Amino acid sequence: HFHPLLSRAAEATSVSSPKRGRPSSRPPVATARMSYIYPLFVIILISTVYTTFLAFNLIPQINAVNSEDTGNYFYTPSEEELYGVLVSFHLMFFMLMSCFVLASTSSPGYIPRETSEDRKRWVDGDFEISDRDDNQVKEIIQNTDANLTDKNVISWLKSIVILERKKQYGYYRHCSACNLYKPDRTHHCRICDRCILRMDHHCPWISNCVGHRNYKFFLLLLFYAIASLCFILGGMARRLVYAFRPIMNTTTFLLEDLIVLVVYLICMFLFIALCMFFTFHMNLTLNNMTTIELREKKNNSDRFIRHRFLVAHAKFDNGYWNNFTEVFGPPWMWLLPIFPGGKGTYLGTAADHKGTISSHVDVKSRLVE
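Residues numbered from 1 in each chain as written. Predicted model: local features only at pLDDT ≥ 70, side-chain atom pairs only at ≥ 80, totals over all residues. Heavy atoms only, no water.

Trainee: Would you explain the packing of aromatic side chains in this entry?
Mentor: The geometry of an aromatic ring pair comes down to the distance between the two centres and the angle between the two planes. With the rule as written, the count across this model stands at 17 aromatic pairs. A centroid spacing of 5.9 Å and a plane angle of 90° characterise the contact between Phe218 and Phe277, whose relative ring orientation is edge-to-face. With Phe218 in helix α8 (residues 215-235) and Phe277 in helix α10 (residues 250-286), this pair connects stretches of sequence that are 59 residues apart. Given the relative accessible area of 32%, Phe277 is considered partly exposed. Here Phe324 and Phe328 contribute two aromatic rings whose centre-to-centre distance is 4.6 Å and whose plane-to-plane angle is 15°, an arrangement assigned as stacked. With Phe324 and Phe328 both in helix α13 (residues 320-328) and four residues apart, this pair spans about one turn of that helix. Neither Phe324 nor Phe328 differs from the other in exposure class; each is buried. Here the aromatic cluster, defined as three or more aromatic residues joined through ring pairs, consists of Tyr50, Phe53, Phe89, Phe93 and Phe231. When the ring centre of Tyr346 is taken as reference, the NZ or CZ atom of Arg185 above it lies at 5.0 Å. (Phe/Tyr/Trp six-rings, centres within 6.5 Å; stacked < 30°, edge-to-face > 60°. Helix = DSSP H or I, 4+ residues; strand = E, 2+ residues; numbered from the N terminus. Buried < 20%, exposed > 50% of the residue type's maximum accessible area, 1.4 Å probe, protein only. Lys NZ or Arg CZ within 6 Å of the ring centre and 35° of its normal.)

In structure tokens, the structure reads:
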């Protein structure tokens, strides 16, 4: 028999623990509080830059257009040009804030369990893959000399329902924390304590994971941030030059010129950093890769891990155009924060049929050149 205090402690632990297969959606209190600091900092930074641009550039230009005093530190455009800039900038700024909210609050995509078919796959691990296909998957995973350029081999790989496997022995990937089998490209986020479909990374600046359902919102957030910074850097260039005039009034220098200088330098740094970051993610998008796949798999020092990535990537890579439209949707949807659709489980073409369709395909003779 256990001591009564130990028994009560064990009972309390069992009651407060989340049910198996249902990860807790509430992070620790300290983590939950800290998660709001980074988004709050971003909001404060955006507000500061916007207010500075409005107070020291747009409003003086509006006043100059409507009065005879054109001022001597800002460019005085025509009325049509001024209101064109006002509308264009605020449209970019509105899209920026919309994408920030959507990227922060939208679900990144979780393993589905709504239907009986979903539960059959991800809870029970029944993927309806023939033994022959399963054995061939294990063989190609273990064979680092396999020829992954053969069109028939690639077509067969795309038909496999679940291609990514654990280790080099070909076992299905299973999350012990969520008690669920993982779809291809799914990873468990230790911060969110959930398995995320097509997980790219956990972004502290939006306090959310970037995954299948909000990756487009994240990319558009970067795009509209860069576009807004272009307006600010171009519009405040003349005001920045004026800030380097001889100091005649200390109060004016501290309350206007110094603020303009600091904000402009911050905007320049952000513009360069975001352009590099956006270029990096566009390269990932065109090649249908995630940050996790690039850093932890493609560039891994273990050749078995690199080989398993190449096998899986042959299934996902559909060419630059198809890879791009998979994330952004049709052309009319590219610049709109609209989710293009898709389940994010990356099931093979065999999942479109009842049972398997590739059991008759023998790729063994094509694995090695």
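Trainee: What exactly am I supposed to notice about the environment of Gly348 here?
Mentor: Here Gly348 lies in the segment after α13. Along the sequence, Gly348 and Trp156 sit 192 residues apart, while their C-alpha atoms lie 9.2 Å from each other. Every residue in contact with Gly348, bar those within four places of it in the chain, is listed here: Lys158, Ser159, Ile160, Val161 and Lys315. (Contact = heavy atoms within 4.5 Å.)

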